[in-house]
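Given next are the chains, with one letter for each unit.
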Amino acid sequence: MVSLQYFNFLFTLQRKKNPNQICWLYRKVSRNAPPLQRTQTLQEFLDGDQYTRRGILKYENIYGYNFISVGGPKKAQELLANLQLKADEYVLDVGAGVGGSAFLMAKEYGVHVLAMDLSSNMVTIGMQRRVKESADSDTSSGRILLDRIAFEISDINKRDYQSEAFDCIHSRETVLHLKDKANLLAKFYRWLKPGGRLLMTDYCRGEKAEDSHSREYRKYTQTRGYYPATVTEYEKLLRQAGFTQVTAVDRTADFAAILQEELTSLQRSERSFINEFSQYEFDQAIQGWRSKQRFAAEGDMVWGYFLARKE
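Numbers given for residues are sequential positions, taken from 1 along each chain in its written order. In keeping with the predicted nature of the model, local features appear solely for residues at pLDDT of at least 70, side-chain atom pairs appear and are counted solely at 80 or more, and the whole-chain, interface and lining totals rest on all residues. To obtain the side-chain values, all non-hydrogen atoms of the structure were included, while hydrogens and water were left out.

Draft legend 1. Up close: unusual backbone geometry. Even without being a glycine, Asp 88 presents a positive backbone phi close to 75°. Position of Asp 88 relative to the elements: it lies in the loop between helix 4 (72-81) and strand 1 (90-94). We note that Glu 164 has phi near 60°; this positive angle belongs to a residue other than glycine. With respect to the element layout, Glu 164 can be found in the loop between strand 3 (149-153) and strand 4 (166-172). Secondary structure elements are taken from DSSP: a helix is a run of H or I of four residues or more, a strand is a run of E of two residues or more, and numbering for both begins at the N terminus.

In structure tokens form, the structure reads like this:
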């Protein structure tokens, strides 16, 4: 188990004014398979397929600078207001991506953020952006990013922190990657202080039998290694973990509107997108957004919003 002292240690390193200093924490684990039978880990899949550096920049072109999540900075601002963050609180950002929400939390609310992600490409970009934004900002704003944000590459399935280490946990479109959601939510509950808050959004599946989802949607989730739950299942798991004041809402109508806004913006920027990437990648992005629109319209994909508290 990793204590809060480790968390504070990360910020101590940052205060030494060497933003490129890195701390490694290794844990020996078994792949549980003979070498010839081993498949790639989730991290290898993310960094080598879905979230290559080029892939991240393409997503960012659609969502907005520093963001790889639904609705980009505008939606992030709206959601963070619901966490009721207070200055100097400690926040764990699970699946932080390149750090968009972490930057907002640190700059606008004055909290300390441990921004963790399994993708080394995401964290590398996030660390580079933190240094760049610190250099480009005025002195006080720049120091906030360096002093209050720590990045970490780690697997949330294997990671552990001291009980009651965090005031808030924030996670956007991440938990669907994990099969054992009950165990993860139980850890979230344990890591939160009494009165701590959890905010999540996630791609969920519609409230119907799994085998009644379209073949295209099932292929989509299997190809990406997703394990989507329904909003109802998430609510049940949150309550079983011990959370109270649980809000679990189907926000698919909102999601559909955001998808259309993002698609329209992408189409308007066709020329610049193709100049930066390629015609093929533009066509793939359009196809991907239209697929999500179709999944949402047919009840296969749901965007879930979750807010819960530890008493």
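Draft legend 2. Highlighting the packing of helix 3 (residues 53-63) against helix 13 (residues 279-297). Axis lines are fitted through C-alpha atoms, for helices just across the contact stretch, and the angle between N-to-C directions can take any value from 0 to 180 degrees. Where helix 3 meets helix 13, the closest approach of the two axes is 12 Å, and the angle between their N-to-C directions is 60°. Classified by the interaxial angle, the pair formed by helix 3 and helix 13 is oblique. Pair helix 3 / helix 13 crosses with right-handed handedness. Contacts from Arg 54, Lys 58, Tyr 59, Ile 62 and Tyr 63 of helix 3 reach helix 13 at Glu 281, Ala 285, Trp 289 and Lys 292. Ten residue types, Ala, Val, Leu, Ile, Met, Phe, Trp, Tyr, Cys and Pro, are classed as nonpolar, four, Asp, Glu, Lys and Arg, as charged, and the remainder, Gly among them, as polar. Taken together, the residues of the contact of helix 3 with helix 13 sort by class into five nonpolar, no polar and four charged. The scheme is simple: roughly parallel for angles under 35 degrees, roughly antiparallel for over 145, roughly perpendicular for 65 to 115, oblique for anything else. Left-handed is the label given to a crossing in which the near helix is rotated counterclockwise from the far helix by less than a right angle, and right-handed is the label when the rotation is clockwise. We call two residues contacting when some pair of their heavy atoms lies within 4.5 Å.

Draft legend 3. The side chain of Asn 66, seen in detail. Tracing the backbone through its elements, the reader meets Asn 66 in the loop between helix 3 and helix 4. Look at Asn 66 and you get buried, because its relative accessible area is 6%. Counted as a polar contact is a pair of N or O atoms within 3.5 Å, where, for protein atoms, one must be capable of donating a hydrogen and the other of accepting one, and residues adjacent in sequence contribute only when both atoms are in side chains. A polar contact of 2.8 Å, which involves the side chain of Asn 66, links it to the side chain of Arg 129. Here Glu 133 takes part through its side chain, which lies 2.6 Å from a polar atom of the side chain of Asn 66. Each residue touching Asn 66, except ones within four places of it in the same chain, is listed here: Glu 60, Val 98, Gly 99, Gly 100, Phe 103, Arg 129 and Glu 133. Each residue's exposure class comes from its accessible area (1.4 Å probe, protein chains only) as a fraction of the maximum for that residue type: buried when under 20%, exposed when over 50%, partly exposed otherwise.

Draft legend 4. Summary view of the pairing of strand 2 (residues 112-117). Counting buried positions over the six residues of strand 2 gives six, a clear majority of the element. Burial along strand 2 is two-sided: the face carrying His 112, Leu 114 and Met 116 and the face carrying Val 113, Ala 115 and Asp 117 are both buried. Whether two strands pair depends on DSSP finding at least two bridges between them. The pairing of strand 1 with strand 2 spans five bridges and is parallel. Among the inter-strand pairings, Val 91 is bridged to a residue of strand 2, identified as Val 113. Looking down the strands as they point away from you, a crossover is right-handed if its path from the first strand over the helix to the second goes clockwise. After leaving strand 1, the chain enters helix 5 (residues 100-109) and then returns to the sheet as strand 2, a path that is right-handed. Sheet topology note: the strand 2/strand 3 ladder contains five bridges and is parallel.

Draft legend 5. Fine view of the pattern of salt bridges. When a carboxyl oxygen of Asp or Glu lies within 4 Å of a side-chain nitrogen of Lys or Arg, that pair is called a salt bridge. Under the counting rule described, the total for this entry stands at 20 salt bridges. For Arg 239, the salt bridge goes to Glu 235, with nearest N and O atoms at 3.2 Å. With a gap of four residues between them, Arg 239 and Glu 235 both fall in helix 10 (residues 231-241), about one helical turn apart. Its relative accessible area of 43% is what places Arg 239 among the partly exposed residues. Of the residues examined, Glu 235 reaches a relative accessible area of 26% and is grouped as partly exposed.

Keep in mind that these numbers describe shape and distance, not what the molecule does.
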